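# Descriptive structure summary
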Amino acid sequence: MAEYNFREIEQKWQKNWKEKQVFKTGSDTSKPKFYALDMFPYPSGAGLHVGHPLGYIASDIVSRYKRMLGFNVLHPMGFDSFGLPAEQYAIQTGQHPAITTDTNIKRYKEQLENIGFSYDWSREVRTSDPSFYKWTQWIFKQLFNSWYNKDSDKAEPIAELIAKFETEGNSKVNAVCDDDTAPFTATEWKNMSEADQQRTLLKYRLTYINETTVNWCPALGTVLSNDEVKDGFSERGGHPVIKKKMPQWSMRITAYAERLLEGLDRIDWPEPIKEMQRNWIGKSIGAEVDFKIENSEKSIRVFTTRIDTIYGVTFMVLAPEADIVKELTTPEQKAELEQYVEVAKNRSERDRMSDVKTVSGVFTGSYVINPFSGEKVPIYIADYVLAGYGTGAVMAVPSGDQRDFNFAKHFGLPITQIIDEQKITDTEADPTKQGKMVNSGMLNGLSPLEAIEKAGQYVEEKGIGVRKVNFRMRDAIFGRQRYWGEPLPVYFKDGIPYLLEDGELPLELPEVDKFLPTEDGEPPLGRAKDFKNKEGYPYELTTMPGWAGSSWYFFRYMDPSNDKEFCSKEAQQYWKSVDLYIGGSEHATGHLLYSRFWTKFLYDLGLVTVDEYATKLVNQGMIQGRSNFVYRVKGENKFVSHGLKGQYDTVALHVDVNIVTNDVLDLEAYKTSNKDAATAEFVLENGKYVCGWEVEKMSKSKYNVVNPDDMIEKYGADTLRLYEMFLGPLEQFKPWNTHGIDGVFKFLRKTWRLFHDDKGELSVSSEKPTADELKVLHKTIKKMADDVDKLSFNTSVSSFMICVNELTDLKCNKKEILGPLTQIIAPYAPHIAEELWEKLGNTESITYSKFPEFNPEFVKEDAFEYPISINGKMRHKMSFSADTSPAEVEKAVLADEAVQKWTEGKAPKKVIVVPKRIVNIVL
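Bear in mind the structure is a predicted one, so any value in this text is a computation, not a measurement.

## So, the overall build of the chain
Tallying secondary structure elements over the chain gives 29 helices and 33 strands in all. Viewed in the frame of its principal axes, the chain has a C-alpha envelope of about 100 × 85 × 75 Å. A total of 923 residues make up the chain; the buried ones form 53% of that total. Counting only contacts in the chain whose residues sit at least 6 apart along the sequence, the fraction spanning at least 24 positions is 71%. Total accessible area computed for the chain in this model is approximately 41700 Å², and 49% of it derives from carbon and sulfur atoms.

## Focus: empty space enclosed by the protein
As enumerated under the stated definition, the model contains 4 cavities of 30 Å³ or more in all. In this structure, the second largest cavity encloses a volume near 40 Å³. For the second largest cavity, the full set of lining residues is Arg64, Met68, Ala826, Pro827, Pro830, Ile846 and Thr847. Here the residues of the lining of the second largest cavity are counted per class, giving 5 nonpolar, 1 polar and 1 charged.

## A closer look at the sheet that holds strand β32 (residues 910–914)
Spatially, the 4 strands line up as an open sheet ordered β31-β30-β33-β32, and their pairing is mixed. Only two strands of the sheet have a single partner each, and these edge strands are β31 (873–881) and β32. Going across the sheet, the axis of each strand differs from the next one's by a mean of 20°, ignoring polarity. Note that strand β30 (residues 863–870) and strand β33 (residues 918–922) share 3 bridges and pair parallel. When the bridges of β33 are listed, Ile868 appears paired with Val919.

## Here we look at the pairing of strand β22 (residues 623–633)
For β22, the buried fraction is high: 9 of the 11 residues fall into the buried class. Bridge count for β22 against strand β29 (residues 734–735) is 2 bridges, and the pairing is parallel. Pairing of Ile623 across the sheet is with Lys734, part of β29. Across 6 bridges, the pairing between β22 and strand β24 (residues 650–655) is antiparallel. In the strand pairing of β24, Val633 is matched with Thr650. When β22 meets strand β23 (residues 638–640), the two strands line up antiparallel, connected through 2 bridges. Residue pairing for β23: Arg632 is matched across the bridge by Phe639.

## Focus on helix α1 (residues 6–20)
For an α-helix the count is 3.6 residues per turn, leaving residues at separations of three or four pointing the same way. Taking 1.5 Å of rise per residue, the 15 residues of α1 would be expected to cover 21 Å, and the 21 Å separating its terminal C-alpha atoms lies within 8% of that figure. Buried within α1 we find Phe6, Ile9, Glu10, Trp13, Gln14, Asn16 and Trp17. Summarising the axial view, the buried residues of α1 lie within an arc of 160°, below the 170-degree limit, and thus occupy one face. Away from its buried face, by an angle of more than 90 degrees, α1 presents the exposed residues Gln11, Lys15, Lys18 and Glu19. The secondary structure elements touched by the buried residues of α1 are α2 (53–68), α4 (97–114), α21 (708–715), α22 (717–726), α23 (741–754) and α27 (830–839).

## What to know about the pattern of salt bridges
Applying the stated criterion across every chain, the model contains 54 salt bridges. Of the charged contacts in the structure, one is a salt bridge between Arg64 and Asp60, with a shortest N-O distance of 3.0 Å. Of the two residues, Arg64 and Asp60 are both situated in helix α2; the distance of 4 residues between them amounts to about one turn of the helix. We note that Arg64, like Asp60, is buried. One salt bridge in this structure joins Asp563 and Lys564, with 3.4 Å as the shortest N-O distance. With respect to class, Asp563 is no different from Lys564; both count as exposed.

What counts, and at which threshold
Residues numbered from 1 in each chain as written. Predicted model: local features only at pLDDT ≥ 70, side-chain atom pairs only at ≥ 80, totals over all residues. Heavy atoms only, no water. Helix = DSSP H or I, 4+ residues; strand = E, 2+ residues; numbered from the N terminus. Buried < 20%, exposed > 50% of the residue type's maximum accessible area, 1.4 Å probe, protein only. Contact = heavy atoms within 4.5 Å. Areas by Shrake-Rupley, 256 points an atom, 1.4 Å probe, with all protein chains shown as cover. 1 Å grid on protein atoms, 1.4 Å probe; cavity = no way out; pocket = protein on both sides within 12 Å on 5 of 7 lines; lining within 4 Å. Points joined across faces, edges and corners; volume = space filled by probe spheres on them. Nonpolar A, V, L, I, M, F, W, Y, C, P; charged D, E, K, R; others polar. Pairing = 2+ DSSP bridges. Axes fitted to C-alpha atoms, helices over the stretch in contact; angles between N-to-C directions. Expected span 1.5 Å × (residues − 1). Arc of directions from axis to C-beta. Salt bridge = Lys/Arg side-chain N within 4 Å of Asp/Glu carboxyl O.

And the structure:
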């Protein structure tokens, strides 16, 4: 083989790995384990572009390296294969989502295999496979059959709660439950009908049905989560989204709020991800206080973190959705208020919270009484208050809160100073906690912190409130009114949900005639014939959300073929948790939070041994597109080259980057692909049409998508792998630029030539290596090992290039050097490494060869030549052994004749020896 034939080599080794199952995870549990995981991909029809494999290549390098260090490596891949795009395609075309999904997965797998990933494909899982979602349904059952005991601070079986009800009612039960849960005795419990008992238990279960305000998208026919809605439209498709109340399955993630916060301090995750989760959970320590409605026996309870400011309350604001709004609205305000509510309820919560510039609201016509001052306070509604946070009511203190201040200014409401050091201007409030309370009745003269304590005691003594910790996070909605998702293992008897038996799982998706809601507005499963259990009771018609399967899939990889358990205790105890998890930061408050919640729940029930499933998370940066432009003269069918466009009035048009090389346009290809261009005039520079360029997000609309298949066809998978790592640090955003890929390709050819003579024949010597050759090799061994541990892959690629250049200069073809060189390159460029390893006479795959051991003796400097500086000027040079101590260097320098000549026999004031740098003598 005269030249480096990457196509032949890569096809050969990919076939070899597959046939011999080289990457099949070992069963030797005496070996140390390493679990590397890529975030579950959704298999879209578009397949992969060059940005997608970035994180996969990084985890693959680490996995291959760990195998060579003797670790038992679990490096699996699967597919988050329930998804809205497949369902939308089914609605448009009638093709079953399963067919679309299977086609897309085949395409993904083909692309992944072509890049040479060392996945154990025998462990592949798909969330849409009944053998997988059987266990998602089973975990749902465990959640349904559990409650959260605040005393033990964990989930416990619902049977234990029922036992408490039977003996003592619920008066001593300290549980996370619905706010409207009424007290009852053991006798009252026993006298309840079965239906009433079940309704009561729903108030405690960790998954339950509740009337909930949801984001309803009529066009998609489903409920969307808050992060799937942007500016009142669905993120996918851009369809209008409205607020709607409907029965909805939810999960009590709020029970785990404190533990989800605390756990962030114990995991090695990026700080921005942790901060996003902390903000999403939104812990606030404060108090709830009752404000009595004027001329009514009812009160409105508010939550505040600054009860010290209660004397500064000059109005109250309710969320537009609050149930009590209708009751408070006077006839004069009714029309204006209803119009406002209609608009406000259809804005997303994200928009309402982030829109700080717009001031809007409506007076209800009613008042509450400040429980501390006794003053009348007007009640408004405004969309900056959310029904789901706290109590859905805010006691507004305009002197200390900017949003309240803006509202008060807008509506001409009083602004009362309540701390002496507040600096309130015409445009700004002052939230200071410094100074003493003023205009604050019983709190006057106290510091704000002292006032918080005294006011908190007062509300509890008077029975008008409680001190409380609140969380912004709400229970997670767990139902979608769509077809392509996991069926819930639930049937309804007299309107009450009951679970299927374990032996009835999986409840598989039924066939339907269309993938649309029914004419009556029921979800698509309502179209299925006889979708009932054996007693004739109807099954639940909503399906699970996309995050259901991705909340536990990492455990299934440990034991994917087990049909008796979701994961055996033995497998989980060995693999424990993911050691390296790589994926996108966009999942911070979705998958990455929900999966932590499910892990903690499974831990509570003793089903897993860890309460955090991934000890280290890395967010890979995005590879951005490098767009190219042609310039068309306005009003003419004429295109001018980039350097000449200033001479014309032009408009820039995106052009397909795949017909541009080093910013030079393939004119014939462009004319073929563009009707106008076929007959256009082209004004060239030096005989070429040069395109403009710009870094943008990679997308079809910008014609800057680069397909990895094209790169592999032209340069090979090893070049692609190395180049993606060479682009820059893993976590950073960087532009894709094919200009640099030639250099990486040349490096691999240069590596190949180290092993071959000018005729292309293998030419490897068994001679002993020289000290210089060993130094080059071991310097690179150390650098590569350090870099992989730090995930600094781009600097490793640079060190490989330096190493090969230096060995080429040394004309090194020694087997003792080239063998280890092949091994250190193997995790990055596995195909060429396997081929060269075999050529060196090895019969086993390089995958499990022992990684070369670094020997520091080989990189020691034998000597160092010190410049000798006298009073700041270099006067002499002297060589010393690299391990000579500073004291010995100083002694020898001062005794040297040439140095004594320059010092003229004077005793130096100071001698400074900087090891392996300089000797400085100060006279």
